[in-house]
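These are the residues of each chain, in order.
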Amino acid sequence: MTTASTRPAQLIAALQETIVGQRSVVEALVLGLIANGHVLLEGPPGLAKTLACRALAAALDGDFKRIQFTPDLLPSDIVGTRIFDQQAASFSTTLGPIFANVVLADEINRAPAKVQSALLEAMQERQVTIGPQTHPLPSPFIVMATMNPLDADGTYALPLAQMDRFLLKVNVDYPNREEERSILERFAMHDTPFTRGAATLSDVLAWQQEAHEIHLDAKLKNYIIELVAVTRDPKGNGIAVDHLIERGASPRATLAIAFLARAKALMDGRTYVLPDDVRAVAALALRHRVAFNYRVVTENVNPESVIAALIAAVPAP
Amino acid sequence: MAGRSQAAPLALAAFLALGLAQSSAQTLPRLHVPSFSLRADALHPQTEKPFHLIISAHFKEELKSVDFIVLPNLAELELLGSERHTLSGNAGTDYSETLTVIAHRSGNMHVAPAYFVAVDGRDGRPKRFSTNDLVLMVEGGALENPFAGVRHLVVTIVKMLAILVAVFVIAAIFFRRRARGVVAAPQPQTVVLPPPVPVRSPKDLLREQWAALRANRSRASVMQARKALWAMAGASEGETLADVLGRLQGRSPELHPLLRLTERAAFVADAYLQGAIDDMILGLEQYLA
C-alpha cells in the first residue's frame, strides 16, 4: 500500500487559510475526496462554494476546471467533441473541461436534463466516449456541483436518481459575524490567497487506498443499515414523519455512509470507525437521497430537522 | 386571463385545505426531560397474575398532552390494559402511564425501554430519550407447579399451629405470673434488624466489569465494561462517545481518556483488540485506584 507523505488534516488546515469558517464544508470536500465520491453543494450565492473548490484544486496542485451551467449548454461543451481538420482531412478530438482533477459544475440545475445526464454519466463511469474513442478521466477525479436554492425560476431540478450519484450533499450556510469580519479583513484589499501544494494527487490516491483498509465493525454495519432503514419506515421506529416522506434512501446511501465514515476515521487519524463517525456523516449521505413530499412545504417543516430526527431515532451501538 | 381568474379561487381553496392539514403537523417537540423511567410493581411476578409496569416522566415544559412516548416492547408479556395520567402546570408536566400486564410463563423476561424522540432543550439537538430496561424474574404460579396447592395447605397448617403455640405460651406465662403475684419490670425489646443489603455504587459495578474483562479478554466483556462506564457518566445505551463527553461537560476529566480507550477497544479491528484491551485494563486500573 502506498503511504501518503501528508495527512488529510494538513490539507484541511491549508484550505482553512483561504476559506474563512465553513469548517463543515471544507471537511465535507475532503471527505468526498478521500471517499472518491462527488459532492453536491447547496447554498445561496456568495458563500464561497466556488472559492472552496478552487482552493481545493490549488492545495492539491491539480487541474481545476469550472463549468457554468446554462440552459443553452450542450453535452459536447462538457465532455468534448470531434472537429474535422480540413488540412489533414481527418477528425481530431478536443477534450472538454471535464478532463480535470477537480471540476466545478456551477449551478448544475440551470442546464437541461441531457447535459446533466452527460455529466452524471461521466461521473459514474469515470470515462468519456467521444466518437469511436474512450478517454479515461484523470485520477483523482472529483466533481463538485453547486445548486442555488433561491433562484428556482428557469431551473431543471435534478431527479432523485441523479442526485443519488453524488456521494454527499453539503448545505452551505451564512457565516457568523466574526467570520464575516475575517472575510472583510482577508479579502477586501487583496487577491484571494491560495495555498498551493499542501498535498499531492498521489497523496489523495494513497488516502483513498488507506480508507478501504479502515476497519468497520459489524455493530457499526448494523447501525448503518438501521439508519437507512429508518428513512423507509419511520413510524416503525417511533418517528411520526411518514406523512412527509415520499421515498426512503436507496442502498447506495448505505454504501455512501460506510465510505464516508471510513474517510472520517482516516481524517481523524484512526484505523477504525466509531459510532460518532457514522452519525457525523449520516446526514451528508441521506439528505439528498430521502424524497420528501409537498407536505414539507405546506406544513413548513425543515427537511433537515426530519433527517436529524431520523438519525437521532436510531440508537448507536 | 380567464384561466387565471378561475385558478385563483381554486388556489385559495387548496391553500385553506392545506392550512387545515397543517394543524396535524407533527414536528419534534423541544423538551427538557429531568426524569424518564420504567419500573414494575413486582420484580418477581407470578405467572397468570397481573402486575403493573409504570412509566414516569417529568418535563419542565407545560404540555397539553404527552402522546409521543413509544411504549416498551412487552415481548412475552400480555397487555391487559393501560392507564395514563398527565398533570401539567407552571412547574412542568408529570406523566405516568401504568400498563397492566400478565406473564404466561416463568423465567427471566426482558422489557425493552420506552422511548421518544425530541429536541433536547439543553442543546437544541434532536435526541432519543430512553428509560431504563427491566429484567423480570417471573416465578411459576399454581398452574405451573402441581404441588403448589399441597404446599399452600402445609404452610397454612404450620402458621395456624404457630399461632396456637404462641397463644398457649402467652397464656401460660400470664397465669404463672398471676399465681406468683409478681409483676415483672418491662424488659426492653430487642429488635433484630435484617442484615444491611450492600449497595453497589457505579464504581463497584465498574470494578466488577474490570475483573470480568481481566478474566475474559473478549469484545463482549469490553462492551459490558463500556456499558458500566456509560452509566457512570449518566448516559444511556444508544448514545455515542461525543454524547457522553458532551453530557460530562468538562466534569470528571479523569474519565475522558478511559472513555476513549474503551471506545477504541469496542470498535478496533480484531487484530488490534488485545492491545486495545491491555490499554483499557490499564486505564481502568488507574481510574479505579
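Our subject is the structure that appears above.
For the structure given in this document, a descriptive report is provided here. Being a predicted model, the structure only gives us computed values, none of them experimental.

What counts, and at which threshold
Residues numbered from 1 in each chain as written. Chains lettered and ligands numbered in written order. Predicted model: local features only at pLDDT ≥ 70, side-chain atom pairs only at ≥ 80, totals over all residues. Heavy atoms only, no water. Helix = DSSP H or I, 4+ residues; strand = E, 2+ residues; numbered from the N terminus. Buried < 20%, exposed > 50% of the residue type's maximum accessible area, 1.4 Å probe, protein only. Arc of directions from axis to C-beta. Salt bridge = Lys/Arg side-chain N within 4 Å of Asp/Glu carboxyl O. Contact = heavy atoms within 4.5 Å. Buried area = accessible area lost by both parts, 1.4 Å probe. Polar contact = N/O pair within 3.5 Å; in protein donor to acceptor, adjacent residues only side chain to side chain. Pairing = 2+ DSSP bridges. Axes fitted to C-alpha atoms, helices over the stretch in contact; angles between N-to-C directions. Core = buried A, V, L, I, M, F, W, Y, C linked by side-chain atoms within 4.5 Å.

Looking at the environment of N90(B)
Turning to step 1, where the next piece is worked out: Position of N90(B) relative to the elements: it lies in the loop between β4 (77-89) and β5 (92-103).
Turning to step 2, where the next piece is worked out: Separated by 30 residues in sequence, N90(B) and K60(B) have C-alpha atoms that sit 8.6 Å apart.

Examining helix α1 (residues 8-18) of chain A
Turning to step 1, where the next piece is worked out: Residues P8(A), L11(A), I12(A), A14(A), L15(A) and T18(A) constitute the buried set of α1(A). Taken down its axis, α1(A) places every buried residue within 160 degrees of arc, on the same side.

Quick look at the pattern of salt bridges
Turning to step 1, where the next piece is worked out: Enumeration according to the criterion identifies 26 salt bridges over all chains in this entry.
Turning to step 2, where the next piece is worked out: Notably, a salt bridge pairs R7(A) with E210(A), separated by 2.8 Å at the nearest N-O pair. Taken as a pair, R7(A) in the segment before α1 and E210(A) in helix α8 (residues 201-213) lie far apart in primary sequence, 203 residues in all.
Turning to step 3, where the next piece is worked out: Where R122(B) meets D120(B), a salt bridge forms, and the shortest distance between an N and an O atom there is 2.6 Å.
Turning to step 4, where the next piece is worked out: Taking the relative accessible area as the measure of exposure, D120(B) reaches 1% and is therefore buried.
Turning to step 5, where the next piece is worked out: What you see here is one network of salt bridges that share partners, running through K264(A), D268(A), R270(A) and D277(A).

What to know about the interface of chain B and chain A
Turning to step 1, where the next piece is worked out: With 29 residues of chain B in contact, the opposing surface of chain A contributes 27 residues.
Turning to step 2, where the next piece is worked out: Summed over both partners, the interface of chain B with chain A comes to about 2,300 Å²; 62% of that surface belongs to carbon and sulfur atoms.
Turning to step 3, where the next piece is worked out: Residue D243(B) is joined to R279(A) by a salt bridge in which the shortest nitrogen-to-oxygen separation is 2.8 Å.
Turning to step 4, where the next piece is worked out: Taken together, chain B and chain A are joined by nine residue pairs in polar contact (both at pLDDT 80 or more).
Turning to step 5, where the next piece is worked out: Among the elements of the structure, α1 (2-22), β7 (115-120), β8 (126-130), α4 (219-232), α5 (241-248) and α6 (255-267) of chain B are those that each provide at least two residues to the side of chain B that touches chain A.

As for the sheet that holds β5(B)
Residues and elements named next belong to chain B.
Turning to step 1, where the next piece is worked out: Here four strands make up an open sheet; going across it, the order is β2-β3-β5-β4 and the pairing antiparallel. The sheet is open, and its two borders are formed by β2 (35-40) and β4, each paired with just one other strand. Here the average twist between neighbouring strands, direction ignored, is 10 degrees.

Concerning the nonpolar core
Turning to step 1, where the next piece is worked out: Of all hydrophobic cores here, the largest spans 111 residues; its most connected members are L11(A) and M144(A).
Turning to step 2, where the next piece is worked out: Ignoring anything within four residues of it in the chain, the contact list for L11(A) reads V30(A), L33(A), L56(A), A59(A), L60(A), A198(A) and W207(A).
Turning to step 3, where the next piece is worked out: Counting residues in each nonpolar core, the second largest holds 29 residues, with F36(B), F51(B), F129(B) and L136(B) among its members.

Structural notes on unusual backbone geometry
Residues and elements named next belong to chain A.
Turning to step 1, where the next piece is worked out: The residue after S139, namely P140, is reached through a cis peptide bond having omega -5 degrees.
Turning to step 2, where the next piece is worked out: With respect to the secondary-structure elements, P140 resides in the loop between β7 (133-136) and β8 (142-147).
Turning to step 3, where the next piece is worked out: With phi around 55 degrees, A89 is a residue other than glycine that occupies positive phi space.
Turning to step 4, where the next piece is worked out: Mapped onto the fold, A89 is located in the loop between β3 (80-85) and β4 (90-95).
Turning to step 5, where the next piece is worked out: Overall, A89 belongs to the exposed group, its relative accessible area being 56%.
Turning to step 6, where the next piece is worked out: We note that E107 has phi near 55 degrees; this positive angle belongs to a residue other than glycine.
Turning to step 7, where the next piece is worked out: Structurally, E107 can be placed in the loop between β5 (102-106) and α5 (113-125).

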